Amino acid sequence: MQAFKYTISFSDLRQQILALTKSYSHFSVLDSCAHIDFKDNDVNYKLIAGFGAHKFLSCTNSGLTALDTFLKEESNGKYWKFGFLGYDLKNEIEQINSSNSDTINFPLLHFFIPEIVIVIKEEVIEIECYATTISAESIFQQLMSDDLTDSDIAPSNIEFEFPSASDYCKIIDQIKYHLQRGDIYEINYCIQLLQHCHLDPLSVYKKLTEYAPSPFSCFARIDDYYLMCASPERFIAKEEARIFSQPMKGTSKRSDNYLEDENLKRQLAQNEKERAENVMIVDLVRNDLSRIAKKGSVKVDELFGVYTFPRVHQMVSTVSAELQNEISFVEIIRAMFPMGSMTGAPKVRAMQLIEELENFKRGIFSGSVGYIKPDNDFDFNVVIRSIIYNAKTNQLSIPVGSAITAKCDAMLEYEECILKAQGMLNALRVSESLTNTNHEDR
């Protein structure tokens, strides 16, 4: 392995690293968009990227069993691993069946050891090369080269149709029936905007993160499959023996007027419905962590924290624990995945109802993307606020959703879905009028 370090401006480097993605059919760029004030103090990389596949594992079934073998074979403390976990790994963990259609067909699980790793922390870039034909210094020189500059390709104005408000409300009525019966206390119900089109994923990702820079953004490619993600949510991270999750439940729009914006923030912090949603997921995360934590070590570091992002305010809590000795990454995932913020509570029953009520297979959406360091510390996001694209079939998907509780207002939840979709629609140059398509029955 060759390594290289240099001090340089982050904003310039970020653009050059994104331009480098044009040269690879296999990459994962985990991008804080310089929004590290929200991230944990010990896990505050500005950007981590892996390019090329020195070795990889891609699964369409039995993913966690294969991943456990893959990681144990590469547990010598030498390699970074980048990867993603698809939502439908739940079927392997909880024996739940999925019969909904999948229009994008991302692999169920994919992990790879990259040929090149680029890490930026503060203003220092570190480059590691595992491929013998490439030097770390040559990669740096390539990043500094004018030849690497990328010219944006403007996306076409792509039209989408939202499900009608009346159809959406009918589903919410069905969910409320189960809530009133006590089958569930909360469920994350999602809808999908789907279109057939051609686009330039890099240009779209750059537009997406200009509009909604988020601390757990990600731009990833596996051959024909692309993920353009502006996620504000962390699923789970490990730093030595400490493990922590930051479930996000509770969303408010923002205002251009400072006083009104501060009032919206206060209203979110005091909103009983949003606090109830958040605390239910916090309790679920505490329960999941207790399976792998040392006795008595699970704690809530922050409850109902309200954080401001460019387009929304979000309510975030932090739950942490001290890991039991000799717990593997796959054991952690079996205990924690999928994240409660994207399922509901109780988790298994909520996931069963999601399969019945939603009309699409979530795939990488509601899954997780992240990295595992050579010392086995890791950090993984929640795949939300995302554009998912199959370049071979030209299928594009934008899933969005919200938490449904017994006290929710179906029309407000519908409006929340529209609000959450706005960042992705803006990145695709969809006009404001198009976001209102099929909303005449709001």
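This one's a predicted model, so the numbers in the text were calculated from it and none came from an experiment.

Undergrad: Any chance you could explain unusual backbone geometry here in plain terms?
TA: The peptide bond linking Phe337 to Pro338 adopts the cis configuration, its omega dihedral lying at -10°. Its location among the elements puts Pro338 in the loop between helix 9 (329-336) and strand 17 (344-345). The step from Ala345 to Pro346 runs through a cis peptide bond, and the omega angle for that step is -10°. Following the sequence through the fold, Pro346 ends up in the loop between strand 17 and helix 10 (347-357). A positive phi angle, close to 55°, is found at Gln95, a residue other than glycine. Positionally, Gln95 belongs in the loop between helix 3 (90-94) and strand 6 (109-113).

Undergrad: What is the right way to read the pairing of strand 6 from this model?
TA: Every regular strand shows the same layout, with side chains that alternate between the two sheet faces. Burial analysis of strand 6 places five of its five residues in the buried class, the great majority of the element. Neither face of strand 6 is left uncovered, since the one carrying Leu109, Phe111 and Ile113 and the one carrying His110 and Phe112 both have all their residues buried. Alignment of strand 4 (residues 55-59) against strand 6, held across five bridges, turns out to be antiparallel. Pairing of Ser58 across the sheet is with His110, part of strand 6. Where strand 5 (residues 81-85) meets strand 6, four bridges bridge the pair, whose relative direction is antiparallel. Residue pairing in the sheet places Phe84 in a bridge with His110 of strand 6.

Undergrad: Is there a simple way to explain the packing of helix 2 (residues 63-73) against helix 9 in this structure?
TA: To describe two helices that pack against each other, one gives the angle between their axes and the distance between the axes. Put simply, helix 2 and helix 9 touch, their axes get as near as 9 Å, and they point 155° apart. The orientation of helix 2 relative to helix 9 falls into the category roughly antiparallel. Within the contact between the two elements, helix 2 uses Leu64, Thr65, Leu67, Asp68 and Leu71 and helix 9 uses Phe329, Val330, Ile333 and Arg334. Within the contact of helix 2 with helix 9, the residues separate by chemical class into six nonpolar, one polar and two charged.

Undergrad: What am I meant to see in the packing of aromatic side chains here?
TA: Aromatic ring pairs are described here by two measures, namely the spacing of the ring centres and the angle between the planes. Evaluation of the coordinates by the stated rule reveals 21 aromatic pairs. Note on Tyr45 and Tyr371: the rings are 6.1 Å apart at their centroids and 80° apart in plane angle, and the pair reads as edge-to-face. In this pair, Tyr45 sits in the loop between strand 2 (26-31) and strand 3 (47-51) while Tyr371 sits in strand 18 (residues 368-372), placing the two residues 326 residues apart along the sequence. In this structure Tyr45 comes out as buried when scored by relative accessible area, which is 13%. Among the residues examined, Tyr371 registers a relative accessible area of 5% and is labelled buried. An angle of 10° between the planes, with centres 5.1 Å apart, marks the rings of Tyr205 and Phe219 as stacked. Here the residue Tyr205 occupies a position in helix 6 (residues 201-211), and Phe219 occupies one in strand 10 (residues 216-222), the gap between them amounting to 14 residues. Judged by its relative accessible area of 0%, Tyr205 falls in the buried class. Members of the aromatic cluster, connected to one another through ring pairs, are Tyr24, Phe27, Phe51, Tyr205, Phe219, Tyr226 and Tyr389. Over the face of the ring belonging to Tyr87 we find Arg362, whose NZ or CZ atom lies 4.8 Å from the ring centre.

Undergrad: It is not clear to me how the pattern of salt bridges should be interpreted in this structure. Could you clarify?
TA: In a structure, side chains of opposite charge can pair up when their charged atoms sit close to one another. In the structure shown here, the tally under the stated rule is 20 salt bridges. Measuring nitrogen to oxygen at the nearest pair gives 2.6 Å for the salt bridge that ties Asp88 to Lys90. If you follow the salt bridges from partner to partner, you end up with Lys55, Glu73 and Glu74 in one network.

Undergrad: Just to check I follow, could you spell out the environment of Phe360 for this structure?
TA: Mapped onto the elements, Phe360 comes out in the loop between helix 10 and strand 18. For Phe360, a relative accessible area of 3% puts it in the buried group. Put simply, Phe360 and Asp102 are 258 residues apart on the chain and 6.2 Å apart in space, counted from C-alpha to C-alpha. Excluding anything up to four places from it in sequence, Phe360 contacts Asn100, Ser101, Cys190, Ile191, Gln192 and Pro399.

Thresholds applied
Residues numbered from 1 in each chain as written. Predicted model: local features only at pLDDT ≥ 70, side-chain atom pairs only at ≥ 80, totals over all residues. Heavy atoms only, no water. Helix = DSSP H or I, 4+ residues; strand = E, 2+ residues; numbered from the N terminus. Buried < 20%, exposed > 50% of the residue type's maximum accessible area, 1.4 Å probe, protein only. Pairing = 2+ DSSP bridges. Axes fitted to C-alpha atoms, helices over the stretch in contact; angles between N-to-C directions. Parallel < 35°, antiparallel > 145°, perpendicular 65-115°, else oblique. Contact = heavy atoms within 4.5 Å. Nonpolar A, V, L, I, M, F, W, Y, C, P; charged D, E, K, R; others polar. Phe/Tyr/Trp six-rings, centres within 6.5 Å; stacked < 30°, edge-to-face > 60°. Lys NZ or Arg CZ within 6 Å of the ring centre and 35° of its normal. Salt bridge = Lys/Arg side-chain N within 4 Å of Asp/Glu carboxyl O.

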